[in-house]
Amino acid sequence: RRGGPLPPGPKGLPFVGLLFEFKAWATSSKPKWKRYCEMSEKYNSDVVSFQVLGDRTVVLNSVKATTDLLEKRSSIYSDRPPLHMVDGLMGWTFDINHMRYNDKWRLHRKTFHQYFQPRSVPQYYPFERTAVTALFPKLLEKPDDLRAHIKTLASSLVLRVTYGFTTEEENEYFVALVDRAFGTILDVGGRGNYLVDYFPLLKSIPTWLPGAAFKRKALRWREYSQELRDGPWKMIRKSHAEGTAVHCFATENMDKFSGEMDEMEEIIRNCSASAYLAGSDTTVGLILSSILLLMYYPEVQKRAQAEIDAVIGDSRLPDHSDRERIPYTAAIITEALRIYPIGRLSFPHYTTEDDIYEGHFIPKGTAVLGNIWAILHDESIYPDPYKFDPERFVEGEGRTVQPHPKTWAFGFGRRICPGRWFALDTAYLTIACILATCHIKCALDENGNEIPAKLEYTQGLINHPKPYRARFVPRSAKALNLMKQGFEH
Ligand code: HEM
């Protein structure tokens, strides 16, 4: 081989490589991120590789490898692989996450970043307070619909920030569009499950051919993705023109670029849709996971509540400005993000040049995955990695604070998640306010016995706890009052 051997890994069969194994992994009870760790052990290398039908994947299972390649050599590790089914046929190229590494992506990323960087996100605090205020009565009245409530909280926030949507009908309309479109991505099940991903010429076969069912399906699904991209945009364009739009990311950019809309309209439209796509389900996962962990570990709950009582008291809700003063409480979402990361593998990066790393050849056109789960469970960084212990992130005598998982949990290098500060703010405020006012308890069965909580998670692209039921019991009459008032007093 030109540049030396590829990183070690299972060879599979000639030509097809790991085709059959790879398909089986998708439905197996052993998740891919654990398989990749096992490969590392077996081949004694933190960088492993395999191929399916000539399509190479390299997996980086350590901080050293992700830093060396995805960060330090990011100029050649920041592309996305061509997704012929999802992007080529189903039309998802409008999503920043799917964009190839080029000037178009740079312009999107810059436009997006200006509104979600640390300096900008405090402007969304009032929306976060409103969302938490709206959540409280729902927790008390319909705790069994917790997932739906948290979804409404996260989606209403992103929709408020991007499109200025404030009504429930607007939110419902958009959430339904996204669910329908996103469902098709889940159906496809990631890169490589359709032959067209390996043989892009299949894209041009006529749709009437008997073997072209994938193409007929893809073109039908394309309508969903295009409606998601264009539907809300048409609404905001119209209300902006009529002067009735609420000030938001979309309107501010329309005003800012009013003389350059020929070039900028597509960018603003795509950034708005991408924010929702990337941002709502992920934050939902983190909040639901934190609530489940708190229910499972009541002693953690107790300790956080004691901290809130001592620092803030019981006459007001915790706010963003309290975050540093209640480090243990704030560390709960940090530890939830570490122990059950929302994305356990990064979205694939893709090399744009040949490279050599530690004697191994990584050719141009290789998909490269950072194994987030492996890093966040590496015992040399996080001793006793399977223990849920927020104290890891709290300063104390004789203790070294462990690294914040946000360095890895949001991906790597130039493609690192640009919405991470916004996500962490939302999750912090939600969890701190729930803890200040409620005991999170297991739901009761028909005989009044607690249904024990189980730490069970899905294995899909985004890590969510499996559906569970909880009860939110106000900690006192004063706490109940705070829940009724929310931040509106
Ligand atoms: C807990 C919440 C979240 C997690 C765990 C998360 C995680 C990630 C990950 C792993 C990536 C891929 C990074 C890579 O390829 O290396 C990503 C990309 C992205 N995320 Fe997030 N995210 C979260 C919330 C958000 C929010 C709230 C927004 C928007 C407001 C957002 C916007 C984006 C965008 C636009 C990208 C694509 C970046 C690019 O390709 O250049 N995310 N996120």
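What counts and what doesn't
- Residues numbered from 1 in each chain as written.
- Predicted model: local features only at pLDDT ≥ 70, side-chain atom pairs only at ≥ 80, totals over all residues.
- Heavy atoms only, no water.
- Helix = DSSP H or I, 4+ residues; strand = E, 2+ residues; numbered from the N terminus.
- Expected span 1.5 Å × (residues − 1).
- Bend = angle between axes of the 7 residues up to and from the residue.
- Buried < 20%, exposed > 50% of the residue type's maximum accessible area, 1.4 Å probe, protein only.
- Near = heavy atom within 4 Å.
- Polar contact = N/O pair within 3.5 Å; in protein donor to acceptor, adjacent residues only side chain to side chain.
- Nonpolar A, V, L, I, M, F, W, Y, C, P; charged D, E, K, R; others polar.
- Phe/Tyr/Trp six-rings, centres within 6.5 Å; stacked < 30°, edge-to-face > 60°.
- Lys NZ or Arg CZ within 6 Å of the ring centre and 35° of its normal.
- Core = buried A, V, L, I, M, F, W, Y, C linked by side-chain atoms within 4.5 Å.
- Contact = heavy atoms within 4.5 Å.
- Donors = N, O, S within 2.8 Å, 3.2 Å for Na, K, Ca; no water.
- Axes fitted to C-alpha atoms, helices over the stretch in contact; angles between N-to-C directions.
- Parallel < 35°, antiparallel > 145°, perpendicular 65-115°, else oblique.
- Left-handed = near helix turned anticlockwise from the far one by under 90°.
- Salt bridge = Lys/Arg side-chain N within 4 Å of Asp/Glu carboxyl O.
- Patch = residues over 30% accessible without salt bridge, like charges linked within 9 Å, V, L, I, M, F, W, Y side chains within 5 Å.
- Areas by Shrake-Rupley, 256 points an atom, 1.4 Å probe, with all protein chains shown as cover.
- Pairing = 2+ DSSP bridges.

Colleague: When you look at helix 11 (residues 261-296) in this model, what are you seeing that I'm missing?
Modeller: Residue pairs three or four apart in sequence face the same way in an α-helix, which turns once every 3.6 residues. When the terminal C-alpha atoms of helix 11 are compared, their 51 Å separation across 36 residues agrees well with the 52 Å that a helix rising 1.5 Å per residue should span. Residue Gly279 marks the point of greatest curvature in helix 11, where the axis turns by about 25°. In terms of residue burial, helix 11 counts as a mostly covered element, since 28 of its 36 residues are buried.

Colleague: How should the site of the ligand be read in this particular structure?
Modeller: Neighbouring the ligand are 27 residues; Arg80, Trp105, Arg109, His349 and Cys417 lie closest to it. In this structure, Trp105 approaches the ligand through a side-chain N or O atom, which is 2.9 Å from an oxygen atom. Within the residue set of the shell around the ligand, elements represented by two or more residues are helix 5 (103-116), helix 11 and helix 16 (420-437). With six residues, helix 11 is the single largest residue contributor to the shell around the ligand. Its residues assigned to classes, the shell around the ligand comprises 16 nonpolar, eight polar and three charged.

Colleague: Just checking my understanding: could you explain the packing of aromatic side chains for this structure?
Modeller: Each aromatic ring pair is characterised by the separation of its centres together with the angle its planes make. Going through the model one piece at a time under the given rule, you end up with 19 aromatic pairs. The interplanar angle of 75° and the centroid separation of 5.6 Å between the aromatic rings of Tyr124 and Phe422 together place this pair among those described as edge-to-face. Taken together, the residues span a long stretch of sequence, with Tyr124 in the loop between helix 5 and helix 6 (125-141) and Phe422 in helix 16 at a distance of 298 residues. Accessibility assignment for this pair places Tyr124 and Phe422 in one class, buried. Consider the rings of Trp373 and Tyr386, whose centres lie 6.4 Å apart with planes at 50°: the pair is tilted. Taken together, the positions of Trp373 in helix 14 (residues 372-376) and Tyr386 in the loop between helix 14 and helix 15 (406-409) put the pair 13 residues apart, joining distant regions of the chain. The class for Tyr386 is exposed, based on a relative accessible area of 55%. For Arg106, the ring lying beneath its charged end belongs to Tyr101, and the centroid distance is 4.8 Å.

Colleague: Where do I start with the nonpolar core in this structure?
Modeller: The nonpolar side chains of a soluble globular protein tend to be buried with one another. Core analysis: the biggest nonpolar cluster contains 135 residues, and Met85, Trp92, Phe174, Leu228, Ile291 and Phe472 have the highest contact counts within it. Per-element accounting of this core gives the leading share, 18 residues, to helix 11. Those residues in contact with Phe174 that sit more than four places away from it in its chain are Leu159, Tyr163, Phe165, Leu228, Pro232 and Tyr276. One finds Leu19, Met39, Val59 and Tyr198 within the second-largest nonpolar core, a separate group that totals 14 residues.

Colleague: Got a minute to help me understand the coordination of the iron atom of the ligand in this structure?
Modeller: The textbook angles at a metal center are 109.5 degrees for a tetrahedron of four donors and 90 or 180 degrees for an octahedron of six. Its sole protein donor being Cys417 (SG), the iron atom of the ligand sits 2.3 Å from that atom. Summarising the element assignment, Cys417 is placed in the loop between helix 15 and helix 16.

Colleague: Just checking my understanding: could you explain the packing of helix 6 against helix 7 (residues 146-163) for this structure?
Modeller: A pair of packed helices can be characterised by two numbers: the angle between their axes and the separation between those axes. Where helix 6 contacts helix 7, the axes come no closer than 10 Å and their chain directions differ by 160°. Taken together, the axes of helix 6 and helix 7 are roughly antiparallel relative to one another. The interaxial crossing formed by helix 6 with helix 7 has right-handed handedness. Contact residues: helix 6 offers Phe127, Glu128, Ala131, Val132, Leu135, Lys138 and Leu139, while helix 7 offers Leu146, His149, Ile150, Thr152, Leu153, Leu157, Arg160 and Val161. Across the contact of helix 6 with helix 7, the residue classes break down as 10 nonpolar, two polar and three charged.

Colleague: Any chance you could explain unusual backbone geometry here in plain terms?
Modeller: Note: most residues except glycine have negative phi, and most peptide bonds are trans. Of note in this structure, Leu53 is not a glycine but carries a positive phi near 50°. In this structure, Leu53 sits in the loop between strand 1 (47-52) and strand 2 (55-60).

Colleague: What is the right way to read the pattern of salt bridges from this model?
Modeller: Between side chains of opposite charge, pairing is possible as soon as their charged atoms come close. Under the counting rule described, the total for this entry stands at 26 salt bridges. Across the pair Glu358 and Lys64 runs a salt bridge whose closest N-O atoms are separated by 3.3 Å. One end of the pair, Glu358, is in the loop between strand 4 (355-357) and strand 5 (360-362); the other, Lys64, is in helix 3 (residues 63-71), and 294 residues separate them in sequence. A salt bridge links Arg338 to Glu335, with the shortest nitrogen-to-oxygen separation between them at 2.7 Å. Linking Arg338 with Glu335, this pair stays in helix 13 (residues 327-339), spanning three residues, or about one helical turn. Glu335 matches Arg338 in its accessibility class, with the two residues each being buried.

Colleague: I would appreciate a short explanation of a nonpolar patch on the surface in the present structure.
Modeller: There is a patch of nonpolar side chains on the surface, built from Phe15, Leu195 and Phe199 and spanning about 320 Å² of accessible area. By secondary structure assignment, the location of Leu195 is in the loop between helix 8 (168-188) and helix 9 (213-242).

Colleague: Help me understand the packing of helix 7 against helix 16, please; the structure alone is not making it clear to me.
Modeller: Between helix 7 and helix 16, the shortest axis-to-axis distance is 12 Å and the interhelical angle comes to 135°. Between helix 7 and helix 16, the crossing angle belongs to the class labelled oblique. Helix 16 is crossed by helix 7, and the crossing has right-handed handedness. Side by side, helix 7 and helix 16 meet where Leu153, Leu157, Val158 and Val161 of the first sit next to Phe422, Thr426 and Thr430 of the second. A class-by-class count of the residues in the contact of helix 7 with helix 16 yields five nonpolar, two polar and no charged.

Colleague: Sorry, what's going on with the sheet that holds strand 2 here?
Modeller: Sheet strands associate in pairs through backbone hydrogen bonding, adopting either a parallel or an antiparallel arrangement. The mixed open sheet is built from four strands, whose spatial order is 1-2-6-3. Looking at which strands have only one partner, the edges of the open sheet turn out to be strand 1 and strand 3 (349-350). Alignment of strand 1 against strand 2, held across six bridges, turns out to be antiparallel. Counted as the bridge partner of Val48 is Val59 from strand 2.

Colleague: Is there a simple way to explain the environment of Pro465 in this structure?
Modeller: Along the chain, Pro465 turns up in the loop between strand 7 (438-442) and strand 8 (470-474). Residue Pro465 is classed as buried on the basis of its relative accessible area of 0%. Sequence separation of Pro465 and Ile291 is 174 residues, and the distance between their C-alpha atoms is 9.8 Å. Those residues in contact with Pro465 that sit more than four places away from it in its chain are Arg147, Gly285, Leu288, Ser289, Leu292, Glu456 and Tyr457.

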